[in-house]
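In case you want the letters, here they are:
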Amino acid sequence: MIFILQPFANVGSLPTRWGNRFLLVFIPSALAALAILGFKPSAFFALSALAFLYLSSRVAMRPRIVSLIFSGACVFLLFLQQEIIQKPWHGFAFLAVYTAVFAITVREVFMQRRMDRQLKQSELHYRMIAEHTSDLIAIFYEDGELFYASPSHLSLLGYHPVEQTHKFSTMIHPDDFSFVRDTFIQIYKTAEGFRQFEFRIRTLDGTYLLLETHATALATDGGRKQIVAVSRDITKRRATENEMQTLAFHDPLTHLPNRRRFRDHVHEMIEQTQASQTLSALVLIDLDRFKTINDSLGHDFGDMVLKHVSERLRNGVKSKDMVARMGGDEFTVLLTEMNSTSDIDLVCKRILDAIASPLSVRTHVLYLTASLGVAWIGKEESDFDTLMKQADIAMYRSKHVGRNIVTTFEATLQDEQTLALEHELREGLSNGEITVYYQPQIDLSSGIIVGVEALVRWLHPSRGLLPPGEFIQLAEECGLIVELGETVLRMACLEMKRWEQQGISYETVWVNLSPRQFQSPDLLSSIQTILRETGLPPTSLGLEITESLAMKNTDQIMNKLHQLRDLGVRIAIDDFGTGYSSLSYLQQFPINVIKVDKSFTKLSSDEQNPRFIVTAILALARELNLRVIAEGMEHIEQIHWMRQEGCDYAQGYVVARPMTPELLSETYLELSDRARELVH
């Protein structure tokens, strides 16, 4: 009987009306059948007791009690039967079996109750998560019927999807609806269990939110498929990402693409031009005498002028052609799909005319001109830097010839510019156009400004302030580097004495020595003369040589370094870590300071190797009793980490940018306060 009842007991556990009727009908029928077949009454009661006991583990609470009562009654009636009284060992044997079945039944009941409690607790936890999360949770049937939607829909969208079931699909943005529908169909039809996608949905006030959705398909007990979709509002995040993207690739003043974006576009166009039959060109535009506008009418006025110029440039070229701002008053245009050189000349002429049109800004009417340089993007291999250099050479040729004209780059122009620049550099040295900027260095333990590095600049009469990268190599090639180096050294020593007279005390001014200047036989006598004439103590002067220079000729370099050390000046190895120097040589060098190259100090969270290199350099410096200056400090986190690792000094934009000696004197107290704040 137990095996006969097994399939019925498992179906729904008989807690329903049908199950109760089944008990009332089946049990008497079974007993009657057994009686007709001629079984003894004791067998009826024995089987009935076990059957009711078994059923008690399969039915709900109330039927379970009834089943146990019937089971106990059957046992009682069994022991009243004559054959059990005559053969008591049959009763004891049955009682043993009954006790075992009873123990198993009790165990199943308690396990079932524990599982039910755990299931209810788990359901409660998940329901609490679903109903209190800010994410949107929705469950759909395969026909689109909404089965469940979390309460967060109401707070985020302004309505609950259950209330809008008949038109919920219309809340999806029309441009995204087909995509969302096809995605859901794809999830249903394929074995792909998970999909991530984005779509826009309308809120109650008519605005649209961008949702990032994770959807997966589930099969229910009833056989109907469901999709569980968990969505998150990423509208603000995407807006922030787009804003960051705009800032990274666009000029904040004119909203034109910046140098970085323009570079990427030029690289793409180089590949396309090499595979096409059309012509392309890079045009560099520099406004003439724009510095006069800034100086006379102010930088705010100058910014307004730049905005108007950028608008004219955009309107003067095709929509496919990119206009970008390089910085200052320099713009670039990438001309594409040109059929001939005359087409490019025509566009450049149109650009000049657009700029030259009278420009009304506030109460002023301006008449601007510009100098243009053109570099062809040909079939041969080229790159952005080469094209920009060629366009720059052509543009300065336009300025030199008379401004407000267009010059196309030719190879002969490069030689002419080099010769012209060499001549201008010689004149600049004679006319006092060379100037020195200074960048402070701070003590990471005390926050005191302990020194400055002297950085050369060229105040070119037409090109403005030029960084050393624009002319140092030329000075090396044409033999002016020694004279240039001596000029910088003398200016730095004179400035140190002026600061001393003003009550500003720095321990050291550091001056870079070029390889040719260092190898000059007159270096020692030149330094002695400058120190004597300026009155600066040798201990206040620091000389920097690159690591690669120190490794070229060890014996000669070693002798020169010892002579300088005997003179009393301090010596530093610059850009340490980039020259792969031998540690045994470093141990023998008579140096005072190591300057860690900025490529090792520009750290991010996922760049662990440079951290280990810096840690190793600092450990090496401590063993050799050397001081360490960390270059390229741009963020306060770098300052804190270098200080924690035991670095001695730091310099970089986070401390101060290079500045004129006058500005350094004026802001000395302010810079000192900032330096102390950085390390505390």
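Residues numbered from 1 in each chain as written. Predicted model: local features only at pLDDT ≥ 70, side-chain atom pairs only at ≥ 80, totals over all residues. Heavy atoms only, no water.

Caption draft 1: Up close: the packing of aromatic side chains. The tally for this structure, following the rule as stated, stands at eight aromatic pairs. Aromatic side chains Phe262 and Phe384 sit 6.1 Å apart centroid to centroid with 70 degrees between the ring planes, which places their arrangement in the edge-to-face category. Of this pair, Phe262 sits in helix H10 (residues 259-274) while Phe384 sits in helix H14 (residues 384-401); the two residues are 122 residues apart in sequence, bridging distant segments of the chain. The exposure class assigned to Phe384 is buried, which follows from its relative accessible area of 0%. A centroid spacing of 5.8 Å and a plane angle of 75 degrees characterise the contact between Tyr506 and Tyr668, whose relative ring orientation is edge-to-face. Of the two residues, Tyr506 is situated in the loop between helix H17 (481-501) and strand E16 (508-512) and Tyr668 in helix H27 (residues 668-679); the sequence distance between them amounts to 162 residues. On the basis of relative accessibility, which here comes to 7%, the residue Tyr506 falls in the buried class. Above the plane of the ring of Tyr437 lies Arg457, whose end atom (NZ or CZ) is 5.6 Å from the centre. Taking NZ or CZ as reference, Lys560 lies 5.3 Å from the ring centre of Phe518, over its face. (Phe/Tyr/Trp six-rings, centres within 6.5 Å; stacked < 30°, edge-to-face > 60°. Helix = DSSP H or I, 4+ residues; strand = E, 2+ residues; numbered from the N terminus. Buried < 20%, exposed > 50% of the residue type's maximum accessible area, 1.4 Å probe, protein only. Lys NZ or Arg CZ within 6 Å of the ring centre and 35° of its normal.)

Caption draft 2: Looking closely at the confidence of the model for the protein chain. Across the protein chain, the average pLDDT comes to 80, with 77% of residues at 70 or higher. Ranking the elements of the protein chain by mean pLDDT puts helix H1 (residues 2-10) last, at 33, and strand E13 (residues 434-443) first, at 96. Confidence over residues 1-26 falls short of pLDDT 50; this stretch has 35 contacts with residues more than four positions distant or in other chains. (pLDDT = per-residue confidence, 0-100. Contact = heavy atoms within 4.5 Å.)

Caption draft 3: How the structure looks around helix H15 (residues 411-431). Compared with an ideal rise of 1.5 Å per residue, which puts 21 residues at 30 Å, H15 spans 30 Å between its outermost C-alpha atoms and is within 8% of the ideal. For H15, the set of buried residues is Leu413, Leu421, Leu425, Gly428 and Leu429. Around the axis of H15, the buried residues are gathered within 135 degrees of arc, so they sit on the same side. Turned more than 90 degrees from where H15 packs its buried face, Asp415, Leu419, Ser430 and Asn431 sit exposed. Positive phi appears at Gly432, one or two residues downstream of H15, with a value of about 75 degrees. (Expected span 1.5 Å × (residues − 1). Arc of directions from axis to C-beta.)

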